[in-house]
Amino acid sequence: MGHSIPDEAGGGSDYSLKTRGVIENPNSDRNVEWPPLKSLPAKISHTAKEIFFPDDPLRPFKGQPRSKQLLLGIRYLFPIFEWSRGYSLAKLKGDAIAGLTIASLCIPQVLIWGNFPATGSAD
């Protein structure tokens, strides 16, 4: 089965897709194989890891002394220690303007919605 996908120049690139084999592209000297099939528990485990730990946050901790692990843990839990070194007065001005803008939109909405009576029966 041949398919054509548009490339950036607007033309098409033909490739052949086999059921569980190799994706063949006649315009390239490289072919890509499908990944090996996984069992259902392995798929669930992999998906859970991707959802909850997409960037493997514990990788920097491996093989480090306890003091370095503690420092890395504090930086992971409190990111302000990481980015505060590059924070400047110009960024503070922009953040203050953004905060005032959001507050000017959200506070009146909360006050208006707070005045509406609750719907439903009070049995």
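Definitions and cut-offs
- Residues numbered from 1 in each chain as written.
- Predicted model: local features only at pLDDT ≥ 70, side-chain atom pairs only at ≥ 80, totals over all residues.
- Heavy atoms only, no water.
- Helix = DSSP H or I, 4+ residues; strand = E, 2+ residues; numbered from the N terminus.
- Buried < 20%, exposed > 50% of the residue type's maximum accessible area, 1.4 Å probe, protein only.
- Contact = heavy atoms within 4.5 Å.
- Areas by Shrake-Rupley, 256 points an atom, 1.4 Å probe, with all protein chains shown as cover.
- Salt bridge = Lys/Arg side-chain N within 4 Å of Asp/Glu carboxyl O.
- Phe/Tyr/Trp six-rings, centres within 6.5 Å; stacked < 30°, edge-to-face > 60°.
- Patch = residues over 30% accessible without salt bridge, like charges linked within 9 Å, V, L, I, M, F, W, Y side chains within 5 Å.

(A) Geometry of the overall build of the chain. In terms of helices and strands, the chain carries four helices and four strands. The burial tally for the chain puts 4% of its 123 residues in the buried class. The contacts of the chain with a sequence gap of at least 6 include a subset with a gap of at least 24, amounting to 0%. Only carbon and sulfur atoms are counted for the fraction: they give 64% of the accessible area of the chain, which is about 11100 Å².

(B) Highlighting the pattern of salt bridges. This structure, assessed with the given rule, holds two salt bridges. One salt bridge connects E82 with R75, and the closest N-O pair in it is separated by 3.7 Å. The class of E82 is partly exposed, set by a relative accessible area of 42%. R85 is the partner of E82 in a salt bridge, and the nearest nitrogen-oxygen pair spans 3.4 Å. By relative accessible area, R85 is classed as exposed at 60%. Salt bridges here are not isolated pairs; linked through shared partners, they connect R75, E82 and R85.

(C) Structural context of the packing of aromatic side chains. The tally for this structure, following the rule as stated, stands at two aromatic pairs. Centroid distance F78 to F81: 6.3 Å. Interplanar angle 80°. Geometry classified as edge-to-face. Taking relative accessible area as the criterion, F81 reaches 46% and is therefore assigned partly exposed. Centre to centre, the rings of W83 and Y87 are 5.3 Å apart; their planes meet at 55°, and the pair counts as tilted. Owing to a relative accessible area of 45%, W83 belongs among the partly exposed residues under this scheme. Judged by relative accessible area, Y87 falls into the partly exposed class, the value being 31%.

(D) Focus on a nonpolar patch on the surface. On the surface, a cluster of nonpolar side chains totalling about 1200 Å² of accessible area is made up of L70, I74, Y76, L77, F78, I80, F81, W83, Y87, L89 and L92. At the level of secondary structure, the elements contributing two or more residues to the nonpolar patch comprise α2 (66–77), α3 (80–83) and α4 (89–114).

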